[in-house]
Amino acid sequence: MTTHPHSHAPAGNAPEHPARLPWAQLAPDVYKAMVRLDAASRKGLDPTLLELVKIRASQINHCAFCLDMHAKDALAAGESVERIIQLDAWEESQHFYTEKELAAIRLTEAVTVLTDGFVPDEVYAKAAGHFEEAELAQLIAAITVINTWNRFGVTARLTPGHYTPGDVKH
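What counts and how
Residues numbered from 1 in each chain as written. Predicted model: local features only at pLDDT ≥ 70, side-chain atom pairs only at ≥ 80, totals over all residues. Heavy atoms only, no water. Helix = DSSP H or I, 4+ residues; strand = E, 2+ residues; numbered from the N terminus. Expected span 1.5 Å × (residues − 1). Buried < 20%, exposed > 50% of the residue type's maximum accessible area, 1.4 Å probe, protein only. Salt bridge = Lys/Arg side-chain N within 4 Å of Asp/Glu carboxyl O.

Undergrad: Can you walk me through helix H3 (residues 47–61) in this structure?
TA: Spanning 15 residues, H3 covers 21 Å between terminal C-alpha atoms, matching the ideal 21 Å at 1.5 Å per step. Counted residue by residue, H3 has 13 buried out of 15 residues, so it is predominantly covered. Positive phi appears at histidine 62, one or two residues downstream of H3, with a value of about 60°.

Undergrad: Can you walk me through the pattern of salt bridges in this structure?
TA: Two side chains carrying opposite charge are able to pair once their charged atoms lie near each other. Tallied over the entire structure, the rule returns nine salt bridges. When the shortest N-O distance is used, the salt bridge between glutamate 101 and arginine 83 registers 2.8 Å. Placement of the pair is glutamate 101 in helix H6 (residues 99–112) and arginine 83 in helix H5 (residues 81–86), with a sequence separation of 18 residues. Since its relative accessible area comes to 10%, glutamate 101 is described here as buried. Given a relative accessible area of 14%, arginine 83 falls into the buried group. Of the charged contacts in the structure, one is a salt bridge between glutamate 135 and lysine 100, with a shortest N-O distance of 3.2 Å. Of this pair, glutamate 135 sits in helix H8 (residues 133–156) while lysine 100 sits in helix H6, and the two are 35 residues apart along the sequence.

Here you go:
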């Protein structure tokens, strides 16, 4: 199978579009601050749960760049392909996840989609029942950070497919 130059896509696929804007290069102080904020938001959180949260927010926000990154990071961390695939339909496949993971996924959706203007009390209470307060605060921070990354990725239309686990992450 041949691939496009500089791409992991097979030949014959649609052409890869370049990013609209190299925002990290043009706003390096913001990028560096985001990297530090991301690292701080990860502290004390289970790495697998964190990747599930990042994947779910990225699915909702249609951020292909972040989906590529976090699916690869989840696989590299030992997450199953099956759980990653089912994540977009988690409500129909809840048996793939623990109650704690489901509470985190529900909270991720509520924080990511604020069309009602608030996080419902029952969603927050369910998460609070599964996470200690400090861990819950970190989870909320991690959800907020991935949403910010998603907005940079979607707006700048960052190109997915080139990330390798272990690269500088966000």
